[in-house]
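Topology and contacts: notes
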Amino acid sequence: MGKYILSFDAGTTSSRAILFNWQGESCAVAQKEFTQIFPQNGWVEHDPREIWSSQAAVAAEVIAKSGIDGNDIAGIGITNQRETTILWDRRTGEPVYHAIVWQDRRTSEYCDNLKNEGLLPYIKNKTGLIVDAYFSATKIKWILDHVSGARAKAEHGELAFGTVDTWLVWQLTNGKVHATDVSNASRTMLFNIHTLQWDDDLLKLFDIPASLMPSVHESSAIFGYNATTMFSSKIPSAGIAGDQQAALFGQMCIEKGMVKNTYGTGCFILMNTGEEPVVSKNNLITTIAWKIGGRTYYALEGSIFVAGAIVQWLRDGLNIIRSSAEIEELATQVADNGDVYFVPALTGLGAPYWDQYARGAIVGLSRGTTAAHIARAAIEGIAYQTMDVIHAMILDAGVGLKELRVDGGASKNNLLMQFQANVLGQTVIRPQTTETTALGAAYLAGLATGFWEDINDIKNQWAVDRKFTPDPHVDMHLAKRKWAEAVHRSQAWVK
């Protein structure tokens, strides 16, 4: 048995590798950004080969930093940007097209057609998902329909589809394993979350050959063994979960009703609903959280497309900050938002609005508005979007929010966390380990390999860094009404 679990955290803008010990402590970290490709307005792509090369590079860097070898690693856990779609040739391993990223909107019109045909309830009943360009099914169909020769190859069983986890396992096993877990499968709009199978009717609806699809396994299981030259020994890939489900597990939100929010490129709020799927009546997603030991857990999810990405835009687009870390310092130069509201709908609005034609809006500008007001309004916009999702979640689940557990890069922003507590009127808790996405994948891999005996081994590792409680002297009623009006003005903009 090795002394560590190695996590691959295959994100939207970078690949990371993190080494965890038995205590759940991060012992070494490496990160490498990769290229964001924007061929047209609303299109977002990645090079799958760069995803793999960057992930392999950071894994090698972590090994070198820590001075260990493959014998010291008990297993690899994989967590990944979800919905991002890759098709490749089974014989050569070469992608037939760039990865189409979850943020990509090129299939919006096709999704509108599905809705107009009255197929939304049919698809939602099977998958738990809203019909949206966000999910993998329409991306697969687009590649098959637009890449020369792709459909013919797919129909002859020559191509493979995978989300990023599947692509990484294929690479790690040198093409021997084509597999995913239930959490990632549930994000494709092709997986029946009740039968836990690829749905033949949905495959037929989207005109996708079943031969493309990977086998589907529990989230904590041995998928295959390393067959690359990266490690000196055959290390098992033993835990896979989509990034948000992994974060829910890493936050130890393992009981029904527990809620976490990950503040990353987007914001993703998940509530554990136990072993029964809760059908949302308020535009949330019903998704599979994980499957362990034969038991499947479900979650309600609200996805916010742009959160931390708005800080990157302030840095790279407006150039009002030089690094993302500077935004808190700039925002604290003013006492309030100066009546400025920033709806960061740069790629449309996700839950609970699902308006793919919304666009970003900054309202309330005056001669007195400064860069600091805009920075503060951007931070507050992240918190307001989270509030909207959690209110919908409470209505669906029929339970009140007791606390919100937070993680992700922007959770280190104290101004944002305090404002989040104020708008929710509830305690926000930041754990000592905010790398909960990678940690969740490590836990899943460690349970599968016996590195940790059971969940009780890891439950007590979760520890609080700081609690943010609502300021009783702050009245948010008027501000919430103005936020709602700002959202209304951003909607249906490009339509």
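Notes on the structure in this doc start here. Being a predicted model, the structure only gives us computed values, none of them experimental.

Helix and strand counts for the protein chain stand at 16 helices and 23 strands. Taken over C-alpha atoms, the radius of gyration comes to 22 Å for the protein chain, in line with the 23 Å a tight globule of 495 residues would show. The buried share of the protein chain, reckoned over its 495 residues, is 61%. In the protein chain, of all internal contacts separated by at least 6 residues, the share reaching a separation of at least 24 is 73%. Only carbon and sulfur atoms are counted for the fraction: they give 48% of the accessible area of the protein chain, which is about 18,800 Å². If you average the places of the 43 positive and of the 52 negative side-chain charges in the protein chain, the two averages end up 2 Å apart.

Turning to the sheet that holds strand β17 (residues 285–292), a few remarks are in order. Where strands meet in a sheet, backbone hydrogen bonds hold them as pairs that are either parallel or antiparallel. With mixed pairing, the 7 strands of this open sheet are ordered in space as β17-β18-β16-β15-β21-β22-β23. Every interior strand has two partners, whereas the edge strands, β17 and β23 (464–468), have only one. Each adjacent strand pair in this sheet contributes to an overall mean axis angle of 30°, direction not counted. Alignment of strand β21 (residues 403–407) against strand β22 (residues 427–431), held across 3 bridges, turns out to be parallel.

Our next topic: the packing of helix α1 (residues 48–66) against helix α6 (residues 164–172). With their axes 11 Å apart at the nearest point, α1 and α6 run at an angle of 65° to one another. Between α1 and α6 lies a crossing of right-handed hand. Residues Pro48, Arg49, Ile51, Trp52 and Gln55 of α1 pack against Val164, Trp167, Leu168, Gln171 and Leu172 of α6. The residue inventory of the contact of α1 with α6, partitioned by class, reads 7 nonpolar, 2 polar and 1 charged.

Nonpolar side chains in soluble globular proteins tend to be buried together. In terms of nonpolar packing, the biggest core is built from 134 residues, with Leu190, Ile208, Leu212, Phe249, Tyr263 and Tyr384 touching the most fellow members. No other element matches helix α12 (residues 371–397), which puts 14 residues into this core. Val58, Ile73, Ile86 and Trp170 belong to the second largest nonpolar core, which has 36 residues in total.

In this structure the tally under the stated criterion is 1 cavity of 30 Å³ or more. One number sums up the size of the largest cavity: a volume of about 30 Å³. Ile304, Leu349, Gly350, Ala351, Tyr353 and Gln385 together form the lining of the largest cavity. In terms of residue class, the lining of the largest cavity is built from 4 nonpolar, 2 polar and no charged.

Glancing now at the packing of aromatic side chains. Under the defined criterion, the tally for this structure stands at 21 aromatic pairs. Each ring, one from tyrosine 384 and one from phenylalanine 419, has its centre 5.4 Å from the other, and the planes form 85°; the classification is edge-to-face. With a gap of 35 residues between them, tyrosine 384 in helix α12 and phenylalanine 419 in helix α13 (residues 414–424) connect regions that are remote in the sequence. Taken as a pair, tyrosine 384 and phenylalanine 419 share a single burial class, namely buried. On the basis of an interplanar angle of 90° and a centroid distance of 4.8 Å, the ring pair of phenylalanine 451 and tryptophan 452 is categorised as edge-to-face. Judged on exposure class, the residue phenylalanine 451 and its partner tryptophan 452 are both buried. Each residue in the set Trp102, Tyr134, Phe135, Phe268, Phe305 and Trp354 is aromatic and connected to the rest through ring pairs, giving one cluster. Its guanidinium or amino end placed over the ring of tryptophan 43, arginine 106 lies 3.8 Å from that ring's centre, counting from NZ or CZ. Its guanidinium or amino end placed over the ring of tryptophan 142, arginine 106 lies 4.5 Å from that ring's centre, counting from NZ or CZ.

As a further point, take the layout of surface pockets. Empty space within the largest pocket amounts to approximately 1,100 Å³. Tyr263, Gly264, Thr265, Gly408 and Gly409 are the residues nearest the centre of the largest pocket, which is lined by 44 residues in total. Among the elements that make up the lining of the largest pocket, the one with the highest residue count is helix α10 (residues 308–316) (5 residues). Among the residues making up the lining of the largest pocket, the classes are represented as 13 nonpolar, 20 polar and 11 charged. Taken as a whole, the second largest pocket spans an internal volume of roughly 620 Å³. What lines the second largest pocket is a set of 24 residues, and nearest its centre among them are Phe38, Val44, Gln103, Ala309 and Thr347. It is α10 that contributes the most residues to the lining of the second largest pocket, 5 residues altogether. Considering only residue class, the lining of the second largest pocket consists of 9 nonpolar, 10 polar and 5 charged.

Let us now look at the pairing of β21. Regular strands show a simple pattern: their side chains alternate between the two faces of the sheet. Counting buried positions over the 5 residues of β21 gives 4, a clear majority of the element. For the crossover from β21 across α13 to β22, the handedness is right-handed.

Rules and cut-offs
- Residues numbered from 1 in each chain as written.
- Predicted model: local features only at pLDDT ≥ 70, side-chain atom pairs only at ≥ 80, totals over all residues.
- Heavy atoms only, no water.
- Helix = DSSP H or I, 4+ residues; strand = E, 2+ residues; numbered from the N terminus.
- Rg over C-alpha atoms; globule rule 2.2 N^0.38 Å.
- Buried < 20%, exposed > 50% of the residue type's maximum accessible area, 1.4 Å probe, protein only.
- Contact = heavy atoms within 4.5 Å.
- Areas by Shrake-Rupley, 256 points an atom, 1.4 Å probe, with all protein chains shown as cover.
- Lys, Arg positive; Asp, Glu negative; His and termini not counted.
- Charge placed at Lys NZ, Arg CZ, Asp CG, Glu CD.
- Pairing = 2+ DSSP bridges.
- Axes fitted to C-alpha atoms, helices over the stretch in contact; angles between N-to-C directions.
- Left-handed = near helix turned anticlockwise from the far one by under 90°.
- Nonpolar A, V, L, I, M, F, W, Y, C, P; charged D, E, K, R; others polar.
- Core = buried A, V, L, I, M, F, W, Y, C linked by side-chain atoms within 4.5 Å.
- 1 Å grid on protein atoms, 1.4 Å probe; cavity = no way out; pocket = protein on both sides within 12 Å on 5 of 7 lines; lining within 4 Å.
- Points joined across faces, edges and corners; volume = space filled by probe spheres on them.
- Phe/Tyr/Trp six-rings, centres within 6.5 Å; stacked < 30°, edge-to-face > 60°.
- Lys NZ or Arg CZ within 6 Å of the ring centre and 35° of its normal.
- Right-handed = clockwise from strand over helix to strand, strands pointing away.

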